[in-house]
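Close look at the chain arrangement
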Amino acid sequence: MTDVAILHDRFPGIGGGEEFAIEAARVLDAPIYTTYVAAETELPPDIEVIPFQQSKYTSLPWRPLLEWKNEGMNPLETLHVALDLTDAHPALTEYDVVLESAPLSKYYVPDVGQRIVHYLSLIHISDGGLKAYAKAWRALDKEANDYVDQFVANSELVRDRIRRFYDRDAAVVYPPVTGDWRNEGDDGYFVTWSRLAPEKRIDLIATAFAGLDERLVIAGDGEQRDRLETVAENYDNIEVRGYVEDIESLVARATAVVYAPKQEDFGLVGAEAMMAGKPLLGVDEGFTRYQVREGRTGLCFEPTVASIRETIRRFDPDDFDADEIRAAARRYEYDRFAAGLREVVAETAAADAPSDSDRADDAHGPDRWRTEEVLDP
């Protein structure tokens, strides 16, 4: 029996990366090791989470300097997390396979004979005005690749980026879609939801709907909420509901879902919309463009107000079949995620353990796996 542990860099809250780590722990029956869990972050009781540097990041005097700020763009905190992960928890050396579920987890230096599976949801280091800092991290990032036995991408888009930037191949395992997604009819409103941050471009969608005859319901919370509420105050057809606990019920009665994030690497909102059998009106970039089969599962638009308005005007819900949309979304089902993840871990565990020199050679040569197969419906 293979002993598996999950290594997640930190839990500043529960976002997409943290949700993946939690579901991976459930599927693999594995504990999660992490540097720290931020205050007010609620973890499910059925998962074992071991924060091995908790006091450093959450107690005085270090806490004000190392707090997760500005969507994680805190260079000092990032540096400390990366350094703490190189050594991590001594118990990690006892596991046959370590599944790394966050970008900084890759800096863990494995014990001889350990296998490393690294799950990537993005390849991007934002300059954030710190170009020298970003350049140094890119160099360290490529060096850390030598420790990875098998990359796993959350979409074909990320797999292609791994090939381009790392010269490595990757299996594709979509993140799991959880929740009670369903179609209960059409109450005559469009819906969009996510964290209300600039890169999600909810403000662009709201501006496009301003003055239209169609209703728009916005769900979610974040830094742009006040701005969006100001827009909604001036237009009767736009409603901002804030965080919605039962988002599935809101989507179940919607006409369609509108989604316009910047270069999304996967796009859980798009997958959830399709699982509910709702047409996806999505931006023609990132992985969102691959989720939309024009005229079958939805429509694509350019990231402009004019293009969104034109798409809303030409959209006819009668042109779409909920069953066909749900069939296209089967690739996102939880069972497929679980089977794919278990298969990758089993194959990695069964492979001959590489030496350090083998890892370095493998980073610049053919991979053990040339995974071309995608989890199609």
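Residues numbered from 1 in each chain as written. Predicted model: local features only at pLDDT ≥ 70, side-chain atom pairs only at ≥ 80, totals over all residues. Heavy atoms only, no water.

Per an unreviewed UniProt entry, the protein goes by Glycosyl transferase group 1 and derives from Natrinema pallidum DSM 3751.

Digging into the side chain of Thr297
Topologically, Thr297 is positioned in the loop between α11 (288-291) and β13 (298-301). A distance of 3.3 Å separates a polar atom in the side chain of Thr297 from the backbone oxygen of Gln291. A polar contact is formed between the side chain of Thr297 and the backbone nitrogen of Arg293, at a distance of 2.7 Å. Not counting chain neighbours up to four residues away, the residues in contact with Thr297 comprise Met274, Lys278, Pro279, Leu280, Gln291, Val292, Phe320, Ile325 and Ala328. (Helix = DSSP H or I, 4+ residues; strand = E, 2+ residues; numbered from the N terminus. Polar contact = N/O pair within 3.5 Å; in protein donor to acceptor, adjacent residues only side chain to side chain. Contact = heavy atoms within 4.5 Å.)

A look at the sheet that holds β13
Judged by pairing direction, the sheet is parallel, and its 6 strands sit side by side in the order β10-β9-β8-β11-β12-β13 without closing on themselves. At either margin of the open sheet sits one strand with a lone partner, and together these are β10 (238-242) and β13. Adjacent strand axes in the sheet meet at a mean angle of 20 degrees, parallel and antiparallel pairs treated alike. Bridge analysis of strand β11 (residues 256-259) against strand β12 (residues 280-283) gives 3 bridges, and the strand direction is parallel. (Pairing = 2+ DSSP bridges. Axes fitted to C-alpha atoms, helices over the stretch in contact; angles between N-to-C directions.)

Brief notes about the nonpolar core
Considering soluble globular proteins, one finds that nonpolar side chains tend to be buried as a cluster. With 59 residues, the main nonpolar core has Phe190, Val191, Trp193, Phe209, Ile218, Leu281 and Tyr332 as its most contacted residues. Top contributing element to this core by residue count: helix α7 (residues 202-209), with 6 residues. In contact with Trp193, other than residues within four places in its own chain, are Trp181, Ala219, Ile247, Val251, Val257, Val269, Glu272 and Ala273. Grouped together as the second largest cluster of nonpolar side chains are 30 residues, Ala5, Tyr107, Tyr108 and Ala153 included. (Core = buried A, V, L, I, M, F, W, Y, C linked by side-chain atoms within 4.5 Å. Buried < 20%, exposed > 50% of the residue type's maximum accessible area, 1.4 Å probe, protein only.)

Section: unusual backbone geometry
In this model, Leu60 is joined to Pro61 through a cis peptide bond whose omega is 5 degrees. In this fold, Pro61 is placed in the loop between α2 (54-58) and α3 (63-66). You will see that Arg201, though not glycine, has its phi angle at about 55 degrees, which is positive. Examined against the element boundaries, Arg201 turns out to sit in the loop between β8 (189-193) and α7. The phi torsion at Gln263 lies on the positive side, around 45 degrees, for a residue other than glycine. On the secondary structure map, Gln263 appears in the loop between β11 and α10 (268-275). The exposure class of Gln263 is partly exposed, given its relative accessible area of 42%.

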